[in-house]
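Residue strings, one per chain:
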Amino acid sequence: MGIINRCVMMGRASYLNLITVFFSSLVTAVLCLSICTHSYDDQKPGYTKENNLSTIGCIFPLSGRYTDLGKRALRGVLTATDVFDTDGFRIVVSDIGEGNVTRLQGALEEMVLKDGVLVVVGPIPSGYISMLDTTLKSLQVPTIIFPLSEEVSVKNPYIIRFSYPIEKQASVLAQYAVHDVRVRTFGVLYPKTSIGEYLKDAFVESVKIEGGSVTYTGSYDLDLSNLDYELEWVKTLKPEALFIPDVATRSAAIISKLKEQIRAESFLFLGPSTWHSKRFIDSVGDAMDGVVFKVVFTDFFSPDSLRWISFVSRFKTLFDEEPGSLEYQIYEGVRLIINIVEANQLHRREDLIKRLLALGEDFLFKVERKADDGVYVYPRPFILTLKNGQVVGVK
């Protein structure tokens, strides 16, 4: 099989063939389950009473520098559609490569006008969404994206943001530390990057809102060359908790070094969802199980939750490997959409967002429309820690 720029995937019967193709192709582009074709009826809608068919469009990079991201996203979609064990769902995938405007708009227009998709998943990465703003408004198609931050903002009523953004993570951690652990004083040690600065500001603001006090903020170079200087300030000002908004490896290195130098009755390390990784766990290990030093981080899933366990089982059956948080995030977002489609037998695109907003707040998600007209879907957050070298839920 050569490079296929576009295809349709129907049902579940040919998953094994799909997986074989997926891993055997050296240059993986767009995948298909049973049909790879351009010969559709141009007037055929995505969902009708007669054919009982829903069509989901995926705009992913399956070539170029974001290939790995696109493949992971597609695996999340495939796992989500398999949950329902039905031949009723069709997936149309377009490879957007490096994501130039013409290619993105062309992919979206073909999905909506030719394939009659009910909803679009993507683009991945979500930063590309600004290139599609005008086209989305013109086509009026619901589009679900997965941004890392609420800064990815486009005033568009057809955009559905499904994410646990970094701003929310900072707020959840501050609330937990102040009200559940009774921490009074905080420090923030952040990397000298724009996202590090942004997360520092978000956490400081959240601590103030919750009634805590930030007694120290400091930054470090990415090579940690100036870390000792900042650690002296931490030891001098003695905050009860330290927020480190960084990737797993650097955060673990900082924690290990601080743990050797700090003398305290108790000390809490706080971190974002990047800490929920094998690298972090392997680096920090079970050395944080004591009563003095403890790590607490947040994510939108817990490894001991039934939903995550079920997802992992299904994913491994399909792909024979362990999934990551990106695959799970997309899986949950797509699964939510399909649940709404099946439960309400939707016939029109505009009904999808109405039904989604009707969910409001339930035990899994919070759904709201904000001032920018977009729909925001927030999965319920988890507070996590380490016990015997394993991630466990705290709250």
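Everything quoted here is computed from the prediction, not taken from an experiment. (Residues numbered from 1 in each chain as written. Predicted model: local features only at pLDDT ≥ 70, side-chain atom pairs only at ≥ 80, totals over all residues. Heavy atoms only, no water.)

### Section: the overall build of the chain
Of regular secondary structure, the chain possesses 12 helices and 15 strands. When each of the 395 residues of the chain is scored for burial, the buried share is 54%. Taking all contacts inside the chain whose residues are at least 6 apart in sequence as the whole, residues at least 24 apart take part in 70%. (Helix = DSSP H or I, 4+ residues; strand = E, 2+ residues; numbered from the N terminus. Buried < 20%, exposed > 50% of the residue type's maximum accessible area, 1.4 Å probe, protein only. Contact = heavy atoms within 4.5 Å.)

### What to know about unusual backbone geometry
Residue Pro123 follows Gly122 across a cis peptide bond; omega there is 15 degrees. Within the fold, Pro123 resides in the loop between strand S4 (119-121) and helix H4 (133-139). In this chain, Ile124 is followed by Pro125 through a cis amide linkage whose omega measures 0 degrees. Position of Pro125 relative to the elements: it lies in the loop between S4 and H4. A positive phi angle, near 55 degrees, is found at Gln140, a position not held by glycine. For Leu224, which is not a glycine, the phi torsion comes out positive at approximately 65 degrees. Here Leu224 shows up in the loop between strand S8 (213-220) and helix H7 (227-237). Classification of Leu224 as partly exposed rests on a relative accessible area of 22%.

### Details of the environment of Pro303
With respect to the helices and strands, the residue Pro303 is situated in the loop between strand S11 (293-299) and helix H10 (306-319). Spatially, the C-alpha atoms of Pro303 and Val391 are 6.9 Å apart, while their sequence positions differ by 88 residues. Dropping the residues within four chain positions of it, Pro303 is found in contact with His276, Trp308, Ile309, Leu384 and Val391.

### Some points on helix H5 (residues 166-179)
Side chains three or four residues apart in an α-helix point the same way, a direct result of the helix having 3.6 residues per turn. For H5, spanning 14 residues, the distance from its first C-alpha to its last is 20 Å, which sits close to the expected 20 Å at 1.5 Å a residue. What H5 keeps buried is the set Ile166, Glu167, Gln169, Ala170, Val172, Leu173, Ala174, Tyr176, Ala177 and Val178. The secondary structure elements touched by the buried residues of H5 are strand S7 (185-191), helix H6 (194-210), strand S9 (241-243), strand S10 (267-271), S11 and strand S14 (382-387). (Expected span 1.5 Å × (residues − 1).)

### Section: the packing of helix H11 (residues 325-344) against helix H12 (residues 349-357)
Axis separation between H11 and H12 bottoms out at 10 Å; the angle between their running directions is 105 degrees. Put simply, H11 runs roughly perpendicular to H12. Here Leu336, Ile337, Ile340, Val341 and Asn344 of H11 come into contact with H12, specifically with Leu352, Arg355 and Leu356. Each residue belonging to the contact of H11 with H12 can be placed in one class, and the counts come to six nonpolar, one polar and one charged. (Axes fitted to C-alpha atoms, helices over the stretch in contact; angles between N-to-C directions. Parallel < 35°, antiparallel > 145°, perpendicular 65-115°, else oblique. Nonpolar A, V, L, I, M, F, W, Y, C, P; charged D, E, K, R; others polar.)

### Notes on the environment of Thr236
Relative to the helices and strands, Thr236 is located in helix H7. Remark: the alpha-carbon pair of Thr236 and Tyr216, spanning 20 residues in sequence, is separated by 9.8 Å. A distance of 2.8 Å separates the side chain of Thr236 from the backbone oxygen of Glu232, its partner in a polar contact. (Polar contact = N/O pair within 3.5 Å; in protein donor to acceptor, adjacent residues only side chain to side chain.)

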